[in-house]
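# Geometric and topological summary
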Amino acid sequence: MEGTLTGGCLCGAVRYELKPGFRMRPYACHCTDCQRRTGSAFSLHMGIMAKDLTIEGELNEGTFVQPSGAISTITGCAKCTSRIYAANDQRAGLASIRVGTLDNSNTISPAAHFWVSSKQPWITIPEDVPTLETQPQSSEEWLQYVGPE
């Protein structure tokens, strides 16, 4: 996960570059919101500094109020609607990139699994990977589970 990372949307209309900087280790979120947003069993995220992300291409945005009350803005390709990243009004300067949009996504495994209380029953999580019934409740706890190595 070191060095410059690149990625893009499904149709190729949006490309991005993620410069080296603060990056959290990727995590899988099994909450029902992520399941609905992705149409899948979970989503893979990686916390980054928004200033390190450079995007080319036409984007669209949507907002969602999370159960915590935080407003999440989800940004993606205006053409194919692939979601690229999300930002939360409670975490200024941070963004959460969708790991599946990285060009090297096949080399990345989640460091932790959150919201396993709502994971699909057929998902098996490796025993050596940390899990939480919900999600970290503080910045310190987030760093404990998925902070930089």
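Here the structure is shown first, and the text comes after it.
In this text, all values refer to a predicted model and were calculated from it rather than measured experimentally.

## Regarding the sheet that holds strand S7 (residues 71-77)
The 7 strands are arranged S6-S7-S8-S9-S4-S3-S10 in an open sheet whose pairing can be described as mixed. In this open sheet, the two strands that pair with only one neighbour each are strand S6 (59-65) and strand S10 (112-114). The sheet shows a mean angle of 30° between the axes of neighbouring strands, taken without regard to direction. Bridge count between strand S3 (residues 27-29) and strand S4 (residues 43-49): 3 bridges; the pairing is antiparallel. Along S4, the bridge assignment pairs Cys 29 with Ser 43. Across the sheet, helix H2 (residues 139-146) lies against S3 and S10, angled at about 135° from S10, the strand it touches most.

## So, the packing of aromatic side chains
Counted by the stated rule, this structure contains 4 aromatic pairs. Geometrically, the ring pair formed by Tyr 27 and Trp 142 is edge-to-face, given 5.3 Å between the ring centres and 65° between the ring planes. Of this pair, Tyr 27 sits in strand S3 while Trp 142 sits in helix H2, and the two are 115 residues apart along the sequence. For Tyr 27, a relative accessible area of 11% translates into the label buried. Here Phe 114 and Tyr 145 contribute two aromatic rings whose centre-to-centre distance is 5.9 Å and whose plane-to-plane angle is 85°, an arrangement assigned as edge-to-face. With Phe 114 in strand S10 and Tyr 145 in helix H2, this pair connects stretches of sequence that are 31 residues apart. Each of the two residues, Phe 114 as well as Tyr 145, counts as buried. Through a chain of ring-to-ring contacts, the aromatic side chains of Tyr 27, Phe 114, Trp 142 and Tyr 145 assemble into a single cluster.

## Looking at the side chain of Arg 98
With respect to the secondary-structure elements, Arg 98 resides in strand S9 (residues 94-98). This buried residue, Arg 98, is left without a salt bridge; Asp 33 holds the nearest opposite charge, at 10 Å. Once you skip the residues sitting within four places of it in the chain, Arg 98 turns out to touch Tyr 16, Arg 37, Thr 38, Ser 43, Leu 44, His 45, Ile 74, Arg 83, Ile 84 and Tyr 85.

How each quantity is defined
- Residues numbered from 1 in each chain as written.
- Predicted model: local features only at pLDDT ≥ 70, side-chain atom pairs only at ≥ 80, totals over all residues.
- Heavy atoms only, no water.
- Pairing = 2+ DSSP bridges.
- Helix = DSSP H or I, 4+ residues; strand = E, 2+ residues; numbered from the N terminus.
- Axes fitted to C-alpha atoms, helices over the stretch in contact; angles between N-to-C directions.
- Contact = heavy atoms within 4.5 Å.
- Phe/Tyr/Trp six-rings, centres within 6.5 Å; stacked < 30°, edge-to-face > 60°.
- Buried < 20%, exposed > 50% of the residue type's maximum accessible area, 1.4 Å probe, protein only.
- Lys, Arg positive; Asp, Glu negative; His and termini not counted.
- Salt bridge = Lys/Arg side-chain N within 4 Å of Asp/Glu carboxyl O.

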